[in-house]
Amino acid sequence: MPLPQKSYRSHDYKFLVQRWRKICNESGLRMKKILGLDDYPCFEVFSPSFDSKNVIYLSAGIHGDESGAAEGLLAWAESNLDQLRSLPLLIYPCLNPWGLVNNSRFDASGTDLNRIWSTPKNILIKYIFNRTKALNFQVVINLHEDFDGQGVYLYEPSLGGRPSKKAESIIEAASAFIPADPRRMIDGRKATNGIIRPRPSNPPKEGIPEALHFYLEHKCPTFTFETPSEFDLELRIQAQVAMIEQIFQ
Ligand SMILES: [Zn+2]
């Protein structure tokens, strides 16, 4: 049986950009080339109702071997064309194009771009630092996948006190497609029904990830969504879409 077209082209960066361009044309979002990275152009997408005091930040593809995340973000935009214009969006559709094309977690220099957010030397991360410095965020959402994943899960940094029910509702929305990861320990952290609440004082020892940077520097809610990259791509995409949509409920 032939694979669906999307499946075998999920590492085709040009095709991803082409589909984002179409979304922008149809929805009124704007797309801007921000720089070239490892011989690939990098883009940001933002809405005409962008409000620097209340930004919704979405990013995917910082780990290039997690193509369901980049596809999920695109599929969410494709299926919500009518509302995109009216949301104060700042979107990074793919933060590691070289990695996406080469199915690599790392960039061309072997760097994990999601561990260098303390003092960024990388030109793209530096650009995002400057771009976002003066912004206030309603929420920051980073889309990822996990090749050890046994279901969907998410990270929501612990603020102390009683957490909101948002994380539970996000996992529930995704579970229509992929159930919550049943593991009690994920990547060395305690997980409950697919929810990890890492203490910001205990970052990954390799370095500061994107979500933690925004949490610490911008004091905003952050969610990191994870789908299991060994599962069916279409289900992973649908689970990512369901999680993003749940943010807006
Ligand atoms: Zn990742």
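Residues numbered from 1 in each chain as written. Predicted model: local features only at pLDDT ≥ 70, side-chain atom pairs only at ≥ 80, totals over all residues. Heavy atoms only, no water.

### Brief notes about the sheet that holds strand β1 (residues 30–37)
Defined as follows: By the convention used here, strands pair only if DSSP detects at least 2 bridges between them. Helical segments are the DSSP runs of H or I of at least four residues, strand segments are the runs of E of at least two, and each set is numbered from the N terminus. It only takes one pair of heavy atoms within 4.5 Å for two residues to be counted as in contact. Angles here are taken between N-to-C directions and fall from 0 to 180 degrees, while the axes themselves are lines fitted to C-alpha atoms, restricted in helices to the stretch in contact.
The ten strands lie next to each other as β1-β2-β4-β3-β5-β10-β6-β9-β8-β7, forming an open sheet whose pairing is mixed. The open sheet has two edge strands, β1 and β7 (185–186), and neither has a second partner. Note: β7 against strand β8 (residues 189–192), two bridges, orientation antiparallel. Bridging from a neighbouring strand, Met185 pairs with Lys190 of β8. Sitting on the sheet, helix α6 (residues 123–132) touches β1, β2 (40–46), β3 (55–59), β4 (89–92) and β5 (137–146), and the angle it makes with β1 is about 140°.

### Here's the deal with the pattern of salt bridges
For clarity, the threshold we go by: Salt bridge, as used here: a side-chain nitrogen of Lys or Arg that lies within 4 Å of a carboxyl oxygen of Asp or Glu. For each residue, the accessible area found with a 1.4 Å probe, counting protein chains only, is set against the maximum for its type, and the residue is called buried under 20%, exposed over 50%, and partly exposed in between.
As enumerated under the stated definition, the model contains 13 salt bridges in all. The partner of Glu206 in a salt bridge is Arg115, and the shortest N-O contact between them spans 3.6 Å. On the criterion of sequence distance, the pair formed by Glu206 in the loop between β9 (195–196) and α8 (210–218) and Arg115 in the loop between α5 (97–102) and α6 is long-range, its members being 91 residues apart. The class for Arg115 is buried, based on a relative accessible area of 18%. One salt bridge connects Arg183 with Asp181, and the closest N-O pair in it is separated by 2.8 Å. Classification of Arg183 as buried rests on a relative accessible area of 18%. Linked by salt bridges that have partners in common, Glu66, Arg105 and Asp112 make up one network.

### Re the packing of helix α2 (residues 13–27) against helix α3 (residues 67–78)
Axis angle and axis distance: for two packed helices, these are the angle between their axes and the distance between the axes, and together they describe the pair. Going by this rule: Put simply, angles under 35 degrees are roughly parallel, angles over 145 are roughly antiparallel, angles from 65 to 115 are roughly perpendicular, and the rest are oblique. For a crossing to be left-handed, the near helix must be turned anticlockwise from the far one by less than a right angle; the clockwise case is right-handed.
In the contact formed by α2 and α3, the axes pass within 10 Å of each other and the chain directions differ by 20°. Taken together, the axes of α2 and α3 are roughly parallel relative to one another. Viewed along their axes, α2 and α3 form a crossing whose handedness is left-handed. Contact residues: Leu16, Arg19, Trp20 and Ile23 in α2; Ala70, Glu71, Leu73, Leu74, Ala77 and Glu78 in α3.

### Structural notes on the coordination of the zinc ion
Here is the rule: Coordinating donors are taken as N, O and S atoms within 2.8 Å of the metal, stretched to 3.2 Å for Na, K and Ca; because water is absent from the atoms, sites can appear incomplete. Angular criteria define each label, namely tetrahedral for four donors with all angles between 85 and 135 degrees, square planar for four and octahedral for six donors with opposite donors over 155 degrees apart and remaining angles between 65 and 115, and irregular for whatever fails these tests.
Around the zinc ion, the protein supplies His63 (ND1), Glu66 (OE), Glu66 (OE) and His144 (ND1) as donor atoms, at distances of 2.1 to 2.3 Å. With four donor atoms in place around the zinc ion and angles of 57 to 149° between them, the coordination shape is irregular. Expressed as a motif, the donor residue spacing for the zinc ion is H-x2-E-x77-H. Summarising the burial analysis for this pair, His63 and Glu66 share the class buried.

### With respect to the pairing of strand β10 (residues 222–228)
Burial analysis of β10 places seven of its seven residues in the buried class, which makes it a mostly covered element. A two-sided burial pattern is seen for β10, the buried positions comprising Thr222, Thr224, Glu226 and Pro228 on one face and Phe223, Phe225 and Thr227 on the other. Strand direction decides the pairing type here: β5 and β10, joined by seven bridges, are parallel. Bridging from a neighbouring strand, Leu143 pairs with Phe225 of β10. Alignment of strand β6 (residues 153–155) against β10, held across three bridges, turns out to be antiparallel. Counted as the bridge partner of Tyr155 is Thr224 from β10.

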